[in-house]
Amino acid sequence: MKIAIPFYDDSTLFFASKMKALLKDTEAHCITHYVVNGRHSGVSDRQMKIYLPDGPDYILDATTEISAKFYADYSAALFCRVPREYQPLLKNKAYMKSKDRPLFVAFQPGLEFTPEKGFKNRQEFDVIYMNSREQIKQFEKKRRSGQYFSWGHPFFMLPDTYNPSSKAAVYFFAQSVSPNSYNARLHVLETMRAIAIAHPERKVVIKLRHLSDENQHHVNVEEFSYTELSENLKDIPANLEFSACSMEAALSDAAYAITCTSTAAMDAICAGVPTMIYLDYVENYKDSMVESMQQLFDRSGLIAPLGSILRLEAKKPNNSWLQNHFRSVDFVEELVELFNKKSMIMST
(Lines give C-alpha, C1' and ligand atoms only; values in the text may rest on other atoms or scores of the structure.)
Protein backbone atom coordinates (compact mmCIF):
# COMPACT_ATOMS: atom_id res chain seq x y z
CA MET A 1 0.00 0.00 0.00
CA LYS A 2 1.26 3.47 -0.89
CA ILE A 3 1.25 6.05 1.91
CA ALA A 4 1.96 9.72 1.13
CA ILE A 5 3.62 11.93 3.74
CA PRO A 6 3.72 15.53 2.49
CA PHE A 7 6.07 18.05 4.12
CA TYR A 8 7.08 21.63 3.35
CA ASP A 9 9.06 23.09 6.28
CA ASP A 10 11.27 21.96 9.16
CA SER A 11 8.44 20.86 11.48
CA THR A 12 6.72 18.79 8.82
CA LEU A 13 10.09 17.39 7.71
CA PHE A 14 10.74 16.10 11.24
CA PHE A 15 7.31 14.46 11.25
CA ALA A 16 7.79 12.87 7.82
CA SER A 17 11.19 11.49 8.76
CA LYS A 18 9.95 10.00 12.04
CA MET A 19 6.78 8.54 10.57
CA LYS A 20 8.62 6.95 7.66
CA ALA A 21 11.06 5.34 10.10
CA LEU A 22 8.26 3.98 12.30
CA LEU A 23 6.45 2.43 9.32
CA LYS A 24 9.60 1.12 7.65
CA ASP A 25 9.15 -2.53 8.66
CA THR A 26 5.41 -2.68 7.97
CA GLU A 27 3.49 -3.36 4.80
CA ALA A 28 3.00 0.39 4.33
CA HIS A 29 5.27 1.83 1.63
CA CYS A 30 5.82 5.44 2.68
CA ILE A 31 6.52 8.04 0.01
CA THR A 32 7.62 11.49 1.18
CA HIS A 33 6.35 14.44 -0.86
CA TYR A 34 8.35 17.65 -0.61
CA VAL A 35 5.70 20.29 -1.37
CA VAL A 36 7.29 23.39 -2.87
CA ASN A 37 6.10 26.74 -4.19
CA GLY A 38 6.96 30.40 -3.79
CA ARG A 39 5.06 30.78 -0.51
CA HIS A 40 6.65 27.95 1.45
CA SER A 41 9.96 28.59 3.14
CA GLY A 42 11.19 25.08 2.41
CA VAL A 43 14.03 23.40 4.26
CA SER A 44 17.77 23.81 3.90
CA ASP A 45 20.00 21.24 2.21
CA ARG A 46 21.63 20.67 5.61
CA GLN A 47 18.31 19.82 7.28
CA MET A 48 17.28 17.60 4.39
CA LYS A 49 20.51 15.60 4.59
CA ILE A 50 20.08 15.11 8.34
CA TYR A 51 16.46 13.98 8.35
CA LEU A 52 16.06 12.44 4.89
CA PRO A 53 19.62 11.48 3.83
CA ASP A 54 18.38 10.03 0.53
CA GLY A 55 16.25 13.09 -0.14
CA PRO A 56 12.48 13.22 -0.59
CA ASP A 57 10.86 10.47 -2.66
CA TYR A 58 8.98 13.05 -4.70
CA ILE A 59 9.18 16.82 -5.16
CA LEU A 60 5.62 18.03 -5.58
CA ASP A 61 4.83 21.34 -7.27
CA ALA A 62 2.03 22.70 -5.11
CA THR A 63 0.72 24.94 -7.88
CA THR A 64 0.05 22.16 -10.39
CA GLU A 65 0.38 18.64 -8.97
CA ILE A 66 -1.94 18.49 -5.96
CA SER A 67 -4.95 16.89 -7.57
CA ALA A 68 -7.45 14.07 -7.21
CA LYS A 69 -5.76 12.23 -10.08
CA PHE A 70 -2.33 12.41 -8.45
CA TYR A 71 -3.52 10.75 -5.24
CA ALA A 72 -5.87 8.21 -6.81
CA ASP A 73 -3.63 5.18 -6.17
CA TYR A 74 -2.58 6.08 -2.62
CA SER A 75 -4.05 4.23 0.35
CA ALA A 76 -3.53 7.11 2.76
CA ALA A 77 -1.98 10.55 3.20
CA LEU A 78 -0.54 11.54 6.58
CA PHE A 79 -0.30 15.17 7.69
CA CYS A 80 0.78 17.04 10.79
CA ARG A 81 0.37 20.55 9.37
CA VAL A 82 -1.94 20.98 6.40
CA PRO A 83 -0.68 23.19 3.54
CA ARG A 84 -3.44 25.44 2.25
CA GLU A 85 -3.00 23.99 -1.24
CA TYR A 86 -4.69 20.80 -0.01
CA GLN A 87 -7.83 22.59 1.17
CA PRO A 88 -9.62 22.44 -2.23
CA LEU A 89 -9.40 18.64 -2.09
CA LEU A 90 -10.42 18.35 1.54
CA LYS A 91 -13.36 20.74 1.16
CA ASN A 92 -14.62 19.17 -2.08
CA LYS A 93 -17.62 17.18 -0.82
CA ALA A 94 -17.99 15.14 -3.99
CA TYR A 95 -14.32 14.17 -3.91
CA MET A 96 -14.39 13.30 -0.22
CA LYS A 97 -17.33 10.94 -0.86
CA SER A 98 -15.37 9.19 -3.60
CA LYS A 99 -13.64 5.84 -3.04
CA ASP A 100 -10.85 6.80 -5.46
CA ARG A 101 -8.89 8.81 -2.97
CA PRO A 102 -6.57 8.20 -0.01
CA LEU A 103 -7.61 8.00 3.58
CA PHE A 104 -6.75 11.44 4.97
CA VAL A 105 -5.09 11.14 8.39
CA ALA A 106 -4.27 14.16 10.55
CA PHE A 107 -1.84 14.51 13.46
CA GLN A 108 -0.65 17.56 15.36
CA PRO A 109 2.83 18.95 14.52
CA GLY A 110 3.87 18.46 18.15
CA LEU A 111 2.64 20.04 21.37
CA GLU A 112 -0.74 21.61 20.70
CA PHE A 113 -1.29 24.81 22.69
CA THR A 114 -4.57 25.66 20.91
CA PRO A 115 -6.40 22.31 20.53
CA GLU A 116 -9.69 23.92 19.49
CA LYS A 117 -7.98 25.64 16.56
CA GLY A 118 -6.01 22.50 15.76
CA PHE A 119 -9.17 20.42 15.60
CA LYS A 120 -10.97 23.01 13.46
CA ASN A 121 -8.12 22.93 10.92
CA ARG A 122 -8.42 19.13 10.67
CA GLN A 123 -12.17 18.58 10.82
CA GLU A 124 -12.44 17.40 7.19
CA PHE A 125 -10.07 14.47 7.78
CA ASP A 126 -11.23 10.86 7.89
CA VAL A 127 -8.95 10.05 10.83
CA ILE A 128 -7.79 12.49 13.51
CA TYR A 129 -5.12 11.62 16.04
CA MET A 130 -5.29 13.61 19.26
CA ASN A 131 -2.27 14.21 21.47
CA SER A 132 -3.78 12.60 24.58
CA ARG A 133 -6.59 10.39 25.81
CA GLU A 134 -8.26 13.42 27.37
CA GLN A 135 -8.52 15.21 24.02
CA ILE A 136 -10.65 12.40 22.59
CA LYS A 137 -13.22 13.08 25.31
CA GLN A 138 -12.88 16.83 24.75
CA PHE A 139 -13.84 16.62 21.06
CA GLU A 140 -16.12 13.57 21.09
CA LYS A 141 -19.27 15.67 20.65
CA LYS A 142 -17.78 17.32 17.56
CA ARG A 143 -17.07 14.04 15.80
CA ARG A 144 -18.98 13.80 12.55
CA SER A 145 -20.54 10.56 11.36
CA GLY A 146 -17.94 8.06 10.21
CA GLN A 147 -14.97 10.06 11.45
CA TYR A 148 -12.38 7.97 13.29
CA PHE A 149 -10.81 9.42 16.43
CA SER A 150 -7.74 8.06 18.13
CA TRP A 151 -4.73 9.35 20.02
CA GLY A 152 -0.98 9.10 19.75
CA HIS A 153 1.92 10.79 18.04
CA PRO A 154 5.22 9.61 16.55
CA PHE A 155 7.06 11.88 19.01
CA PHE A 156 5.03 10.70 22.03
CA MET A 157 5.75 6.99 22.49
CA LEU A 158 6.17 5.31 25.87
CA PRO A 159 9.81 5.12 26.97
CA ASP A 160 11.37 1.78 27.86
CA THR A 161 13.33 3.36 30.71
CA TYR A 162 13.58 6.78 32.32
CA ASN A 163 16.77 7.06 34.33
CA PRO A 164 19.93 9.17 34.33
CA SER A 165 22.49 7.49 32.12
CA SER A 166 26.25 7.33 32.36
CA LYS A 167 26.48 9.86 29.52
CA ALA A 168 27.84 13.23 30.50
CA ALA A 169 26.02 15.64 28.18
CA VAL A 170 23.33 18.10 29.21
CA TYR A 171 21.21 19.40 26.32
CA PHE A 172 19.07 22.51 26.23
CA PHE A 173 16.57 22.27 23.38
CA ALA A 174 15.88 25.70 21.93
CA GLN A 175 12.65 26.91 20.37
CA SER A 176 12.64 29.63 17.70
CA VAL A 177 10.33 32.19 19.28
CA SER A 178 10.08 31.15 22.93
CA PRO A 179 11.38 32.62 25.18
CA ASN A 180 10.52 35.62 23.07
CA SER A 181 12.43 38.56 24.57
CA TYR A 182 16.10 39.52 24.50
CA ASN A 183 16.40 39.44 28.30
CA ALA A 184 14.67 36.08 28.60
CA ARG A 185 16.88 34.40 26.04
CA LEU A 186 19.99 35.96 27.54
CA HIS A 187 18.89 34.62 30.94
CA VAL A 188 18.49 31.11 29.50
CA LEU A 189 21.93 31.34 27.90
CA GLU A 190 23.47 32.47 31.19
CA THR A 191 21.71 29.60 32.97
CA MET A 192 23.31 27.12 30.60
CA ARG A 193 26.67 28.80 31.18
CA ALA A 194 26.17 28.46 34.95
CA ILE A 195 25.44 24.73 34.55
CA ALA A 196 28.59 24.32 32.47
CA ILE A 197 30.68 26.11 35.13
CA ALA A 198 29.11 24.10 37.98
CA HIS A 199 29.58 20.80 36.14
CA PRO A 200 32.94 21.01 34.36
CA GLU A 201 32.92 17.25 33.85
CA ARG A 202 29.85 17.55 31.62
CA LYS A 203 29.37 18.84 28.11
CA VAL A 204 26.51 21.37 28.04
CA VAL A 205 24.98 21.73 24.59
CA ILE A 206 22.49 24.29 23.36
CA LYS A 207 20.65 22.35 20.66
CA LEU A 208 19.60 24.88 18.02
CA ARG A 209 16.36 24.51 16.09
CA HIS A 210 18.17 25.75 13.00
CA LEU A 211 21.17 27.86 12.03
CA SER A 212 20.80 31.63 12.00
CA ASP A 213 20.77 31.81 8.18
CA GLU A 214 18.11 29.11 7.75
CA ASN A 215 14.32 29.35 7.49
CA GLN A 216 14.21 33.13 7.35
CA HIS A 217 10.82 32.98 5.64
CA HIS A 218 9.37 30.54 8.16
CA VAL A 219 6.18 31.60 9.96
CA ASN A 220 8.24 31.60 13.21
CA VAL A 221 11.50 33.48 12.68
CA GLU A 222 14.05 33.56 15.50
CA GLU A 223 14.84 37.14 16.49
CA PHE A 224 17.52 36.62 19.16
CA SER A 225 19.65 33.60 18.33
CA TYR A 226 21.62 32.01 21.15
CA THR A 227 24.78 31.93 19.07
CA GLU A 228 24.59 35.68 18.46
CA LEU A 229 23.78 36.39 22.10
CA SER A 230 26.82 34.36 23.18
CA GLU A 231 29.08 36.84 21.40
CA ASN A 232 28.24 39.37 24.13
CA LEU A 233 29.06 37.05 27.02
CA LYS A 234 32.42 36.90 28.73
CA ASP A 235 34.15 33.81 30.06
CA ILE A 236 32.21 31.17 28.17
CA PRO A 237 33.46 27.81 29.52
CA ALA A 238 34.99 25.37 27.06
CA ASN A 239 32.35 22.74 27.85
CA LEU A 240 29.47 24.97 26.66
CA GLU A 241 28.71 24.18 23.02
CA PHE A 242 26.17 24.85 20.29
CA SER A 243 24.88 22.19 17.94
CA ALA A 244 22.41 21.89 15.07
CA CYS A 245 22.59 18.09 14.97
CA SER A 246 19.52 15.91 14.52
CA MET A 247 17.18 15.25 17.41
CA GLU A 248 18.14 11.57 17.33
CA ALA A 249 21.85 12.39 17.62
CA ALA A 250 21.24 14.76 20.52
CA LEU A 251 19.08 12.33 22.46
CA SER A 252 21.51 9.47 21.96
CA ASP A 253 24.17 11.66 23.63
CA ALA A 254 22.09 13.27 26.37
CA ALA A 255 22.12 12.43 30.07
CA TYR A 256 19.67 15.26 30.78
CA ALA A 257 17.31 17.35 28.66
CA ILE A 258 16.18 20.88 29.50
CA THR A 259 13.72 23.00 27.54
CA CYS A 260 11.23 25.81 28.02
CA THR A 261 8.33 25.36 25.60
CA SER A 262 9.61 23.00 22.91
CA THR A 263 8.05 19.73 21.72
CA ALA A 264 11.57 18.39 22.29
CA ALA A 265 10.42 17.73 25.85
CA MET A 266 8.22 14.93 24.53
CA ASP A 267 10.99 13.57 22.30
CA ALA A 268 13.32 13.45 25.30
CA ILE A 269 10.77 11.71 27.52
CA CYS A 270 10.09 9.25 24.70
CA ALA A 271 13.82 8.49 24.52
CA GLY A 272 13.97 7.90 28.28
CA VAL A 273 16.13 10.97 28.94
CA PRO A 274 15.50 12.71 32.31
CA THR A 275 13.75 15.93 31.37
CA MET A 276 13.24 19.31 33.05
CA ILE A 277 10.79 22.01 31.94
CA TYR A 278 11.97 25.50 32.85
CA LEU A 279 9.24 28.16 32.86
CA ASP A 280 10.33 30.65 35.54
CA TYR A 281 12.71 32.51 33.30
CA VAL A 282 13.09 36.28 33.15
CA GLU A 283 10.15 38.09 31.48
CA ASN A 284 8.19 34.86 31.06
CA TYR A 285 5.01 36.96 31.37
CA LYS A 286 5.73 38.24 27.86
CA ASP A 287 5.61 34.75 26.41
CA SER A 288 2.14 33.45 25.51
CA MET A 289 3.41 29.87 25.37
CA VAL A 290 4.30 29.69 29.06
CA GLU A 291 0.73 29.40 30.36
CA SER A 292 -0.10 26.67 27.83
CA MET A 293 3.08 24.77 28.66
CA GLN A 294 2.26 25.11 32.35
CA GLN A 295 -1.18 23.59 31.79
CA LEU A 296 0.11 20.73 29.62
CA PHE A 297 2.85 19.75 32.09
CA ASP A 298 1.12 20.74 35.33
CA ARG A 299 0.61 17.12 36.45
CA SER A 300 3.80 15.76 34.91
CA GLY A 301 6.14 16.49 37.80
CA LEU A 302 8.71 17.74 35.29
CA ILE A 303 8.38 21.53 35.72
CA ALA A 304 11.52 22.50 37.61
CA PRO A 305 12.59 25.71 39.43
CA LEU A 306 15.91 27.34 38.63
CA GLY A 307 17.70 25.73 41.57
CA SER A 308 16.77 22.24 40.42
CA ILE A 309 17.81 23.09 36.88
CA LEU A 310 21.24 24.27 38.04
CA ARG A 311 21.71 21.17 40.21
CA LEU A 312 20.37 18.84 37.50
CA GLU A 313 17.75 17.45 39.87
CA ALA A 314 15.49 15.77 37.34
CA LYS A 315 12.41 13.81 38.45
CA LYS A 316 10.60 10.94 36.81
CA PRO A 317 7.32 11.90 35.14
CA ASN A 318 4.15 11.06 37.05
CA ASN A 319 2.86 7.76 35.70
CA SER A 320 -0.78 8.86 35.25
CA TRP A 321 0.33 11.87 33.17
CA LEU A 322 2.70 9.68 31.17
CA GLN A 323 -0.03 7.14 30.40
CA ASN A 324 -2.36 9.94 29.25
CA HIS A 325 0.10 11.41 26.73
CA PHE A 326 2.37 8.56 25.63
CA ARG A 327 1.35 5.45 23.76
CA SER A 328 3.07 2.14 23.07
CA VAL A 329 4.06 0.66 19.70
CA ASP A 330 0.44 -0.43 19.21
CA PHE A 331 -0.06 3.08 17.85
CA VAL A 332 1.89 2.06 14.72
CA GLU A 333 0.03 -1.24 14.49
CA GLU A 334 -3.29 0.61 14.65
CA LEU A 335 -2.22 2.92 11.83
CA VAL A 336 -1.45 0.01 9.50
CA GLU A 337 -4.77 -1.58 10.41
CA LEU A 338 -6.54 1.67 9.50
CA PHE A 339 -4.81 1.71 6.10
CA ASN A 340 -6.11 -1.82 5.50
CA LYS A 341 -9.62 -0.78 6.56
CA LYS A 342 -9.63 2.28 4.32
CA SER A 343 -12.73 1.32 2.35
CA MET A 344 -14.64 0.44 5.52
CA ILE A 345 -13.87 3.76 7.19
CA MET A 346 -14.68 5.80 4.09
CA SER A 347 -18.02 4.03 3.54
CA THR A 348 -19.40 4.92 6.96
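Just so you know, these numbers come straight off a predicted model, no measurement behind them.

### Regarding the overall build of the protein chain
Part 1 of the argument: Scanning the protein chain for helices and strands turns up 15 helices and 12 strands.
Part 2 of the argument: The C-alpha atoms of the protein chain give a radius of gyration of 21 Å, which matches the 20 Å a tight globule of 348 residues would have.
Part 3 of the argument: Principal-axis analysis of the C-alpha atoms gives the protein chain an extent of 65 × 45 × 40 Å.
Part 4 of the argument: The buried share of the protein chain, reckoned over its 348 residues, is 57%.
Part 5 of the argument: Summarising the internal contacts of the protein chain: among those between residues at least 6 apart in sequence, 74% fall at separations of at least 24.
Part 6 of the argument: Counting only carbon and sulfur atoms, one obtains 50% of the accessible surface of the protein chain, whose full area is about 15,700 Å².
Part 7 of the argument: Averaging the positions of the 40 positive and the 42 negative side-chain charges in the protein chain gives two centres separated by 6 Å.

### Some details on the confidence of the model for the protein chain
Part 1 of the argument: In this model, the protein chain carries a mean pLDDT of 91, and residues with pLDDT of at least 70 account for 94%.
Part 2 of the argument: Within the protein chain, the lowest mean pLDDT, 79, falls on helix α15 (residues 342-347), and the highest, 98, falls on strand β12 (residues 275-277).

### What to know about the sheet that holds β12
Part 1 of the argument: With respect to topology, five strands assemble into an open sheet ordered β10-β9-β8-β11-β12, the strand pairing being parallel. The strands lining the two open edges of the sheet, one partner per strand, are β10 (240-243) and β12. Going from strand to strand, the sheet's axes swing by 25° on average, the running direction of each strand aside.
Part 2 of the argument: As paired elements, strand β9 (residues 204-207) and β10 share four bridges and run parallel to each other. Counterpart to Ile-206 in the pairing with β10 is Phe-242.
Part 3 of the argument: Running at roughly 155° to β9, helix α7 (residues 182-198) makes contact with β8 (169-173), β9, β10 and β11 (254-259) of the sheet.

What counts and what doesn't
Residues numbered from 1 in each chain as written. Predicted model: local features only at pLDDT ≥ 70, side-chain atom pairs only at ≥ 80, totals over all residues. Heavy atoms only, no water. Helix = DSSP H or I, 4+ residues; strand = E, 2+ residues; numbered from the N terminus. Rg over C-alpha atoms; globule rule 2.2 N^0.38 Å. Buried < 20%, exposed > 50% of the residue type's maximum accessible area, 1.4 Å probe, protein only. Contact = heavy atoms within 4.5 Å. Areas by Shrake-Rupley, 256 points an atom, 1.4 Å probe, with all protein chains shown as cover. Lys, Arg positive; Asp, Glu negative; His and termini not counted. Charge placed at Lys NZ, Arg CZ, Asp CG, Glu CD. pLDDT = per-residue confidence, 0-100. Pairing = 2+ DSSP bridges. Axes fitted to C-alpha atoms, helices over the stretch in contact; angles between N-to-C directions.

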